[in-house]
Each structure stands twice: as C-alpha cells, then as structure tokens.
Amino acid sequence: DALGPTITIGEILVEIMATDRGAGFLEPITLIGPYPSGAPAIFIDQCARIGGSAGIIGCVGNDDFGRVNVARLRADGADVSAISTSPEFPTGSAFVRYRHDGSRDFVFNIARSAAAQIDLTPAARALIARSGHLHVMGTAFAIPGAARIIEHAITAITARGGSISFDPNVRKELLGQAETRARFARLVDIADLILPSGEELFVAAGMEAESEAVQALLGRNASEVALKRGADGSTVFTRDGRRIDCPAFAVEEIDPTGAGDCFGGAYVACRRLGMPIEQALTYANAAGARNVTAKGPMEGAGTRAELDAFIAATPERRT
Ligand code: ATP
Ligand code: MG
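My aim in this report is to walk through the structure given alongside it, one point at a time. Counting from 1, residues in each chain are numbered in the order their sequence is written. The lettering of chains begins at A and the numbering of ligands begins at 1, in the order of writing. In view of the model being predicted, local features appear only for residues whose pLDDT reaches at least 70, and side-chain atom pairs are presented and counted only at 80 or more, with totals across whole chains, interfaces and linings using the full set of residues. Think of the side-chain values as coming from all heavy atoms in the structure, minus any hydrogens and water.

### So, the site of ligand 1
And step 1. When at least one non-hydrogen atom of a residue lies within 4 Å of a molecule or strand, that residue is treated as near it. Surveying the vicinity of ligand 1 reveals 20 residues, the closest of which are Ser 197, Gly 230, Gly 233, Glu 253 and Asn 285.
And step 2. Contacts to ligand 1 include Asn 169, whose side-chain N or O atom sits 3.0 Å from an oxygen atom.
And step 3. Contact distances for ligand 1 include 3.5 Å between an oxygen atom and a backbone N or O atom of Gly 258.
And step 4. All accessible-area figures derive from a Shrake-Rupley calculation using a 1.4 Å probe, and residue coverage is judged against the displayed protein chains alone. About the coverage of ligand 1: the protein hides 86% of its 620 Å² of free accessible area.
And step 5. By definition, any uninterrupted DSSP run of H or I lasting at least four residues is a helix, any uninterrupted run of E lasting at least two residues is a strand, and each is numbered from the N terminus. Secondary-structure elements contributing two or more residues to the shell around ligand 1 are helix H8 (259–272) and helix H9 (277–292).
And step 6. With four residues, the top contributor of residues to the shell around ligand 1 is H9.
And step 7. Here the shell around ligand 1 is built from residues that sort into eight nonpolar, nine polar and three charged. Polar contacts, as counted here, are pairs of nitrogen or oxygen atoms within 3.5 Å of one another; within protein the pair requires one atom able to donate a hydrogen and one able to accept it, and residues that are adjacent in sequence qualify only if both atoms are side-chain atoms. Lys, Arg, Asp and Glu make up the charged group, whereas Ala, Val, Leu, Ile, Met, Phe, Trp, Tyr, Cys and Pro make up the nonpolar group; the residues left over, Gly among them, are polar.

What follows is the structure in structure tokens.
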C-alpha cells in the first residue's frame, strides 16, 4: 500500500438480531447485540484484519453503540481518525430478524441517526489526502451527504495516482430510482475493480447475459470484475481475457450478513498488498465463507493467520 491506505466512506451501525427465526418484531422476542455493523465498516474491518492499511470516514453518536464500533475498528487496526462523533444524534442501528425462508425483516434507524451526519471534516480531508485507494459501497448513497464526500475522494485519490473499487451492494428497491442509477453509472465508468453479486452485475452493466455484462464492465475503466456467487463461490474476469473461478468453501451458514463485504475487504487488501489474483481470490472466498459461520455481521472477519487456518481446515464445496 505504498500510496497510502485503502479508505471507504459511509454508514457505521450496530446490528441487534433476533435469536429465533420468525416474522418481524410484533411481540416481545429475545434479541442479541449490539454487534458492530454497516457495510462500509464491515469491509474496512476485514481489510484491516487481513493486514491491509485501512481507514473509514463515518459518523457515530456519543453513545455506547458508537464506542463499540470505534473500539472494534481500532482494535482491528483500522484508522479511525476520520470517524466523527455527533453530539446530537444516536449511532445508527439495524434490528434484524431472519425468517424461516432466509429473508429478513429490518427496523432501521439510519436516516435520522449519526450515520447520516457524515461530513467532509478536516480529519476526513486529511485521511483522503493520504490515501491510495477508495472503495465505494452502494449502500453509502442512501446517506444524503455521502455522495459529495465520495466525489471529493474520487478526485483527490485519482489525482495522486490511486485506484477505485466499487461494490454496487444495492437493495432491489433502490434500483428503480433515477438518481441511484446515475450514481452507479458514474462509478461503473471510473472504477478499476467492480465487485457485484447476483443481479447487481446486470444492473451495473445494463444488460442481461452474464458474459455480455462482464464484457460491458471491462469495456469501461475496470481491469477486473469480481463476481460474488454466495454459496457457489466467485469468479474474477480480467480485461485481458482471463477467467479465474474459485469454488466456495463448505461451511454451515449461520448468518449470511456481511459475506460480500468481507469478500471485498479481503480481495482489495490482498491485491493492494501485491498478491496475484488467484491468491487474493482464495483469501476473499475464505473471508466471505468464514464470516457466515459466525452470528453477527463482522464477527467472522479473519486475520491472515485465521484465514490460513480456515483454508487448511475447510474443504471446498462440491457443486
Ligand atoms: P451481502 O449480503 O453481504 O451483500 P453479497 O451478495 O455481496 O453479500 P455473497 O455472494 O453472498 O456476497 O458472498 C460473498 C462471498 O462469500 C461469496 O462469493 C463466497 O465466496 C462467500 N460465501 C458467501 N456465502 C457463503 C456460503 N454459504 N458458503 C460458502 N461461502 C460463502
Ligand atoms: Mg453485497
């Protein structure tokens, strides 16, 4: 990471989850949490844990939900200097309950929380000024102020020769919005690495067939597309025509939340540490798989040693 740390921008949350599966929160149920969460926070935590230089721009409240997040990120080696504390708003939160079919019910407090108070503070500008890579999470665009900070970071980081990655990470409900589509199109145009999952690929590319969609993305600025396939593993496509498939590791899925973010954090960190695609992809698959074995969105993020042990001990999933 000679040019400086990998940074990301966006929501830092706590997650509080129902211990039992079922529908919603309409009667008293047993909950467990707070767990540190928020897609950008999960990404940057995995990035730091595996040994990448990493920092995040975000905002938490002056409360224990904020402290639990900052303490975790700091302990895992992330630069927390650009996390501001809102004196007025509480830390953002997500209550989640899994249904029996694997879908989820949420109660979010993000739009009126500290997470939405993110700003281009002097500390944020300073972190951007010394960073070498920006990872943009689609979820961050749900926060009104984030787009401006992301634009500033894109300009500053590309000007100093840094690179950009983009995880569309979008909820289906947002895909219809014209503003969201325009922002996505811009990121797709400039990102060096794009990490879509499922239908995000087709939305990002604006077409239906996988190979055409991948070629469309590689026809813009991206030299690599890392396609996440959940329990079916992942594939990296390169502009020079290579296709590297990585089967998933065989694990028992306890909590799928955060797999894609850990995958991205590990992949970006490993590539920036100079690893070849095959090795970075193996670590990314391991990071995603290991994370789903633990309850809590970032509880299964692994250090390089933990992921080496996981890889040695876990068979590949046969498809
Ligand atoms: P998220 O819900 O966090 O946005 P995503 O849809 O972006 O996730 P996934 O494809 O679900 O990303 O997961 C990312 C990677 O993690 C997969 O490509 C795979 O390598 C690994 N992974 C995810 N789920 C499993 C699983 N059940 N078993 C093994 N590996 C998994
Ligand atoms: Mg995702």
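Next comes the rest of the description.
### Some remarks on the sheet that holds strand S3 (residues 31–37)
And step 1. Strand order across the open sheet formed by four strands is S3-S2-S6-S7, with mixed pairing between neighbours. One side of each edge strand has no neighbouring strand; the edge strands of this open sheet are S3 and strand S7 (104–109). Between one strand axis and the next, the sheet turns through 20° on average, direction left out of account.
And step 2. At least two bridges found by DSSP between two strands are what make those strands a pair. In terms of strand pairing, strand S6 (residues 92–98) meets S7 through six bridges, oriented antiparallel. For Ser 93, the partnering residue across the bridge sits in S7 and is Asn 109. Only the stretch in contact is used when fitting a helix axis, every axis being a line fitted to C-alpha atoms; angles between N-to-C directions are given from 0 to 180 degrees.

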